[in-house]
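# A closer look at the structure
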Amino acid sequence: MKYRRLTKEQLEELHPEFINFLATQTITAAEWEDIKASKPEVAEQELDVFSDLVWEGVLTQAAYLEHISPQTMNLFHLEEEQMNLISVMIGDELIDITTKEGYAWLQKNLMDDTVKLFTATKKYSDDPNGDKFKLIEQGAVITKGNLYNYFEDLMELGKEKNGF
């Protein structure tokens with residue numbers, strides 16, 4: 001397996017797609033039941049192949065990832081050749097931006113001395129989807145990019161204001 005097997009909940013959610021996947025291999029519902037009963041290792045392999053196909057499609061389509069921890073917000077824009085990062089770091093350990101109160105504090109105090117914004121760009125390895133998957137395995141989630149775009153716009157305004 002290249003990625004990881006989908007969870008039981010994810011497989012249940014993708015049941016119609018899994019049926020289509022089996023159909024492309026000319027496996028009927030009755031044959032699938034027989035495979036599960038008599039050749040569980042083959043059934044496991046089929047689930048692994050299906051999971052990899054789903055992950056490959058999802059990762060190829062993903063444009064933004066977010067990973068938020070108590071004092072750090074890492075926002076990724078996944079471009080074709082590279083990923084761009086905007087990192088927001090809070091220098092006060094009493095503030096936890098994963099809570100409603102902590103996030104509200106951040107919204108009100110973006111210009112506070114304890115709030116630092118950083119940017120970075122990183123080219124993908126030979127396996128861009130593998131790079132994205134590693135971030136997801138470390139806790140990042142796929143998003144529509146609202147936070148990334150908000151902070152990107154904020155930094156652009158700051159550059160214009162400061163004459164950069």
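The sections below set out a description of the structure shown in this document. This structure is a prediction, so every number in the text was calculated from the model and none was measured.

This part takes up the sheet that holds strand 4 (residues 115-123). In space, the five strands of this open sheet follow the order 4-3-2-1-5, with antiparallel pairing throughout. The strands lining the two open edges of the sheet, one partner per strand, are strand 4 and strand 5 (141-143). Mean inter-strand twist for the sheet, computed between neighbouring axes without regard to direction, equals 25 degrees. Pairing of strand 1 (residues 64-69) with strand 2 (residues 72-78) involves six bridges; the strand directions are antiparallel. Residue pairing across strands places Y64 opposite H77, the latter belonging to strand 2. Sitting on the sheet, helix 6 (residues 128-137) is in contact with strand 1, strand 2, strand 3 (82-90) and strand 5, with an inclination near 30 degrees to strand 1.

Most of strand 3 sits inside the fold, with seven of its nine residues counted as buried. As paired elements, strand 2 and strand 3 share seven bridges and run antiparallel to each other. Bridge pairing in strand 3 places T72 opposite M89. In textbook terms, the turn of a hairpin is the stretch between consecutive antiparallel strands, and for strand 2 and strand 3 this stretch comprises three residues.

Direction vectors running N to C along helix 2 (residues 15-24) and helix 4 (residues 40-61) enclose 115 degrees, while the axes themselves pass 11 Å from each other. Taken together, the axes of helix 2 and helix 4 are roughly perpendicular relative to one another. For the element pair helix 2 and helix 4, the recorded crossing hand is right-handed. Along the contact surface, helix 2 presents E17, F18 and F21, while helix 4 presents E46, L47, V49, F50 and L53. A class-by-class count of the residues in the contact of helix 2 with helix 4 yields six nonpolar, no polar and two charged.

Below, the discussion takes up the nonpolar core. With 24 residues, the main nonpolar core has F18, W32, W55, L65 and L78 as its most contacted residues. By residue number, the principal contributor to this core is helix 4, which donates five residues. The contacts of L65, once residues within four sequence positions are left out, are N74, L75, F76, L78, K132, L135, I136, A140, V141, I142 and T143. Counting 15 residues, the second largest nonpolar core, distinct from the first, contains M73, I97, L106 and L110.

Summarising burial for strand 2: seven of the seven residues are buried, a large majority. The antiparallel pairing of strand 1 with strand 2 creates a hairpin that spans two residues between the two strands.

Moving on, we get to the environment of G145. Considering the arrangement of structural elements, one finds G145 in the loop between strand 5 and helix 7 (146-161). Of the residues examined, G145 reaches a relative accessible area of 1% and is grouped as buried. Considering only alpha carbons, one finds G145 and E66, 79 residues apart in sequence, at a separation of 8.2 Å.

Now for the environment of L75. Here L75 is to be found in strand 2. You can call L75 buried: its relative accessible area is 0%. Between the C-alpha atom of L75 and that of K122, which follows or precedes it by 47 residues, the distance is 13 Å. Contacts of L75, omitting those with residues within four sequence positions, involve L65, E66, N84, L85, I86, L147, Y148 and F151.

The phi angle at T26 is positive, at roughly 50 degrees, despite the residue not being glycine. Considering the arrangement of structural elements, one finds T26 in the loop between helix 2 and helix 3 (29-38).

About the criteria used
Residues numbered from 1 in each chain as written. Predicted model: local features only at pLDDT ≥ 70, side-chain atom pairs only at ≥ 80, totals over all residues. Heavy atoms only, no water. Pairing = 2+ DSSP bridges. Helix = DSSP H or I, 4+ residues; strand = E, 2+ residues; numbered from the N terminus. Axes fitted to C-alpha atoms, helices over the stretch in contact; angles between N-to-C directions. Contact = heavy atoms within 4.5 Å. Buried < 20%, exposed > 50% of the residue type's maximum accessible area, 1.4 Å probe, protein only. Parallel < 35°, antiparallel > 145°, perpendicular 65-115°, else oblique. Left-handed = near helix turned anticlockwise from the far one by under 90°. Nonpolar A, V, L, I, M, F, W, Y, C, P; charged D, E, K, R; others polar. Core = buried A, V, L, I, M, F, W, Y, C linked by side-chain atoms within 4.5 Å.

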